[in-house]
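Okay, here's what each chain looks like letter by letter:
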Amino acid sequence: MYLDPKVSRSVKVLVVGHFAVGKTTYIGSVSEIEPLQTEEEITEASVGFDDLSETPDKTTTTVAMDFGRLTLSDDLVLYIFGTPGQERFKQMWEGLSRGALGALVLVDPERLEETFPILDLVEAFGLPYVVGVNTFDGRTHFPLSEVCEALNLPDETPVIDCDVRDQDSSMEALITLVKHLLSSLG
């Protein structure tokens, strides 16, 4: 990882979520550098592990992490790490969460039950978080209040709609996370 000696502060944040929720796409939409991606072809070895019924066109998956960088000011840089979403890769979380200030939890509102193990990990590592509800084409839009209720989120947890393919929408989710982190520090 390139560290710029002119930058006085760098902040590490995570982008987390269940399998096929859009983490890799999200990092690609906000990173100012070509993101590091550890995408591999989905093979027969994933049968019985990865449920592709909701994402039949998905052909690759993250097997280690994604990484992007975003300069917020002359002296502040965000390092953005994406975690793999499958249960079998959760051992990666300990290392990736070390030093992170918080997390953006991406969710698919039609597969909320897959979010609970992710929220459990985020909370186990003591990370403040924001929930980004990914808006997929052709899918039902659910009111954010219903998503909050279904996930049983604490009242202070920010929840925002987010189209991970759209840079402006993705940036808004990141800004929401940064504001939430700043408010939790003060």
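In what follows, the structure referred to is the one given above.
Note that the structure is predicted; figures quoted are calculated from it, not measured.

About the thresholds
- For every chain, the first residue of its written sequence is number 1, and the numbers climb from 1 along that sequence.
- Where local features are concerned, this predicted model is filtered to residues with pLDDT of at least 70; where side-chain atom pairs are given and counted, the filter is 80 or more; whole-chain, interface and lining totals use all residues.
- Note that the side-chain values use all heavy atoms of the structure and ignore hydrogens as well as water.
- A run of DSSP states H or I qualifies as a helix once it reaches four residues; a run of E qualifies as a strand once it reaches two. Both are numbered from the N-terminal end.
- Type-normalised accessible area, obtained with a 1.4 Å probe on protein chains alone, sets the label of each residue: buried when under 20%, exposed when over 50%, and partly exposed for intermediate values.
- Here, two residues are considered to be in contact whenever any of their heavy atoms come within 4.5 Å of each other.
- Computed with a 1.4 Å probe, the accessible areas rest on the Shrake-Rupley method; for each residue, only the protein chains presented here act as cover.
- Here, nonpolar core means buried Ala, Val, Leu, Ile, Met, Phe, Trp, Tyr and Cys residues that are tied together by side-chain atoms lying within 4.5 Å of each other.
- Salt bridges are defined by distance alone: a side-chain nitrogen of Lys or Arg within 4 Å of a carboxyl oxygen of Asp or Glu.

Our focus in this paragraph is the overall build of the chain. Of regular secondary structure, the chain possesses 5 helices and 7 strands. Its helices and strands taken in sequence order, the chain reads β-α-β-β-β-α-β-α-β-α-β-α from the N to the C terminus. By the burial criterion, 48% of the 186 residues in the chain qualify as buried. Of the contacts made within the chain by residues no fewer than 6 positions apart, 74% connect residues no fewer than 24 positions apart. When the accessible area of the chain is evaluated, it comes to approximately 9700 Å², of which 53% is carbon and sulfur surface.

Turning our eyes to something else, we now look at unusual backbone geometry. Despite not being glycine, Ala 20 has its phi angle at roughly 65°, a positive value. Mapped onto the elements of the fold, Ala 20 is located in the loop between strand S1 (9-17) and helix H1 (23-30). Unusually for a residue other than glycine, Asn 152 sits at a positive phi of about 55°. With respect to the secondary-structure elements, Asn 152 resides in the loop between helix H4 (144-151) and strand S7 (159-162). Its relative accessible area of 67% is what places Asn 152 among the exposed residues.

The next subject is the nonpolar core. One finds Leu 14, Val 16, Val 105, Val 122, Tyr 129 and Val 131 to be the most contacted residues of the largest nonpolar core, which totals 26 residues. Broken down by secondary-structure element, the contributors of at least two residues to this core are S1, strand S3 (60-73), strand S4 (76-82), helix H2 (92-97), strand S5 (100-107), helix H3 (116-124), strand S6 (129-134) and H4. Contact partners of Val 105, with chain neighbours within four places excluded, come to Val 16, Thr 115, Ile 118, Leu 119, Val 122, Tyr 129, Val 130, Val 131 and Gly 132. Counting residues in each nonpolar core, the second largest holds 20 residues, with Val 13, Val 30, Val 130 and Leu 174 among its members.

Scanning all chains against the criterion turns up 5 salt bridges. Of the charged contacts in the structure, one is a salt bridge between Arg 111 and Glu 114, with a shortest N-O distance of 3.7 Å. Overall, the relative accessible area of 27% leaves Glu 114 in the partly exposed class. Between Arg 165 and Asp 163 there is a salt bridge, with its nearest N and O atoms 2.9 Å apart. What emerges from the salt-bridge pattern is a single network uniting Asp 108, Arg 111 and Glu 114.

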